[in-house]
Amino acid sequence: MARTIMLIPTGSNVGLTGVSLGVIRAMERQGVKISLFKPVAQPASGGDRPDQTTTLIQSNTSIPTNKPLKMSHVEKLLGLNQQDVLMEEVIALYAEGSKESEVVLVEGIVPTANYSFANELNFNIAKTLGAEIIFVMSMGSDTPDQLKERVEIARSNFGGIKNDKITGVIVNKVNAPIDAQTLARPDVVEIYHTPKYDGKKIEIDDLRKYSPLPVLGCIPWNIDLTACRTIDMANHLAAKIVNEGEIKQRRIKHVSFCSRSVPNIISHLRPNALLVTSADRADVLATIALSVMNGTEIGGVLLTGGYEIEPQVAQLCQQAFETGLPVFSVDTNTFQTSINLQRFNLEIPVDDKERLDSTQNYVADYIDSNWIKSLTTELSLHQSRMSPPAFRYQLTELARKAEKTIVLPEGDEPRTIKAAAICAERGIARCVLLGNPDEIKRVAKSQGVNLGEGIDILDPEVVRENYVPRLVELRKNKGMTDILAREQLADNVVLGTMMLERSEVDGLVSGAVHTTANTIRPPLQLIKTAPGSSLVSSVFFMLMPEQVYIYGDCAINPDPNAQELAEIAIQSADTAIAFGIEPRVAMISYSTGNSGQGADVEKVKEATKIAQEKRPDLLIDGPLQYDAAVMPDVAKSKAPNSKVAGQATVFIFPDLNTGNTTYKAVQRSADLISIGPMLQGMRKPVNDLSRGALVDDIVYTVALTAIQATQQ
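Residues numbered from 1 in each chain as written. Predicted model: local features only at pLDDT ≥ 70, side-chain atom pairs only at ≥ 80, totals over all residues. Heavy atoms only, no water.

Asker: Looking at this model, I keep getting lost on helix α3 (residues 71–79). Mind explaining?
Answerer: Listed as buried for α3 are M71, V74 and L77. Looking straight down α3, one finds its buried side chains confined to an arc of 125°; they lie on one side. For α3, the exposed residues lying more than 90 degrees away from the buried face are K76 and G79. Contacts from the buried residues of α3 go to α4 (83–97) and α5 (118–129). (Buried < 20%, exposed > 50% of the residue type's maximum accessible area, 1.4 Å probe, protein only. Helix = DSSP H or I, 4+ residues; strand = E, 2+ residues; numbered from the N terminus. Arc of directions from axis to C-beta. Contact = heavy atoms within 4.5 Å.)

Written out as structure tokens, the structure is:
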């Protein structure tokens, strides 16, 4: 599984794209197989234009990347309070491009006045992807001590010190000149601001002494990285080319407005300067030409006011023009031109490969190489967490691949009809609705549901008689007769179970109307347990905020003995594996280790021993109290030698009373989604719904059932 690193900017103007490009180059140098993931496009110019980092990588490298979601689409979903839908779309995009990667670099969105939701969205994306968080910030005018405070504030916005996924910080634009607004910027608007620099250089060791997080990069300011090509500036201004020269090769690092007298502009005649003057200033043009003839490689000359150079002056400057000096003109006056220049976008153009390469190499030189090496060497040490959106996405993807048919006995129930339509639309499963066709169609129409391809409607009155002989055969030892069989087959759950028994469908989902007993009893009688299983148990998938837990058994077995409890643990661990969750099984009790005594504790101890002996390949430990199973700090004191304590993913409760009470308490108190109960140990998959199930609950349960059918 790929290791996921998310770069999260703590503010605007931190140089996020440059840092991302440099980290990518640093990984390339170490031979890391990397992909870039940009969840949401955020072009500097706003709107739904292509994203800068993604476009640069796609156009100039072979590194896998994705097409980000449009910001307008993201804002719409957030406005409709559909963040869960957004996170599922994010995880779907992520899965497309991360299959062959060792490391996936995720670039967050920049918090600005227009995107005040950026921090919250970045945090949710990081949790969804299980990503390690690295903050990207610029030094600004801060001292190292002040920077420490900013790092602490950033960390507090993302879960604080308890969030062990926050792994470091990269500080960009260190020792940059600072303008009056304390923004690190190139010397583009000298007419308004003179950047100041106090000469006190800050080194990475200075930052490491103060930073509460590991400093993984300390990137000094380098004006060369902002040097745009002269042609880019001319294009931005829609300028008329007077003398092309080396306009495509020369670069601009400074902008100077030459409106002073000649003696006062001499200091501005520097290499890579864009000199702005009116075309009727013959004295300035002659001075520039003289400087060029003396070897100064001026970046370009911008003529304002729409004037033409006088022929005599042009002839005087001709020799300077022939050295390659770019000259271009605009119709706007000097004031308006200065405003237009400030609107220039300093992002790296897609076709400026020289600047892209120099930026990547420069930034990569200042990224901690030991950290880069650790990304792959420590890959196996990082435990994966299955986030809820990732789990839901995986459910639907695996179900699509399964291509199974699931029978829904409550075919005229509105939620069930809606769920069947969604399953058909997404390709999750082919659903068979049992019920009166006219009634089903009437309900569908009233709900605005289109019952198209992928949905079958089966009239029980028409097919019921076909199953009478087989039901009699299966239950003849229990006194089943034709008359009794017809009576039982009037129950659609029994009819659906017979269809499953005869392999006409691959699974059954019920419970939106029926009780758990109504749903489970017919399969227990007719389907029986799977080979190697002595009992049927159940699990709930508990979709916690940051990961998915499995709770068992919370629905079937009232008071399992030690042998049965061990089997429930093994079944639940296998379920976890089947659904991509790393199983670390905690056998729950009211005491941890040997701290308590009594029959209930002894049962859990014995069950743990039996399960460990049967399946030495699984991580199973107990008895553990719930807090010792989930909280690392409690685990250190109560079960310091346990490989499960503090990081459990599968929780096995000692009896139904404890399990059912705990699952409902957690679900309702934390206001989270639970999927289930999913039955384990059945020869063919049957799953129960809560009578308060939402449409999405039914959809995901159908997906679970389809996946189970594939495994069996």
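Asker: Help me understand the packing of aromatic side chains, please; the structure alone is not making it clear to me.
Answerer: For any two aromatic rings, the description comes down to two numbers: the centre-to-centre distance and the angle of the planes. All told, the structure shown has 14 aromatic pairs when counted by the stated rule. Measuring from ring centre to ring centre gives 6.4 Å for F391 and F579, while their planes differ by 55°; the resulting arrangement is tilted. Taken together, the residues span a long stretch of sequence, with F391 in helix α15 (residues 388–402) and F579 in the loop between α23 (562–578) and β20 (584–588) at a distance of 188 residues. Classification of F391 by relative accessible area gives buried; the value is 1%. Of the residues examined, F579 reaches a relative accessible area of 1% and is grouped as buried. For the ring pair F541 and F579, a centre distance of 5.3 Å and an interplane angle of 65° mean the geometry is edge-to-face. Of this pair, F541 sits in strand β18 (residues 537–543) while F579 sits in the loop between α23 and β20; the two residues are 38 residues apart in sequence, bridging distant segments of the chain. You can call F541 buried: its relative accessible area is 0%. (Phe/Tyr/Trp six-rings, centres within 6.5 Å; stacked < 30°, edge-to-face > 60°.)

Asker: How should unusual backbone geometry be read in this particular structure?
Answerer: Following G552, the chain continues to D553 via a peptide bond in cis, the omega torsion being -15°. Relative to the helices and strands, D553 is located in the loop between β19 (548–552) and α23. Here G622 and P623 are connected by a cis peptide whose omega angle stands at -5°. Note that P623 resides in strand β21 (residues 619–624). In this model, N13 sits at a positive phi of 65°, which is unusual for a non-glycine residue. With respect to the helices, strands and loops of the structure, N13 is situated in the loop between β1 (3–9) and α1 (16–29). Backbone geometry at E403 places phi at a positive 55°, although glycine is not the residue there. Here E403 shows up in the loop between α15 and β14 (405–408).

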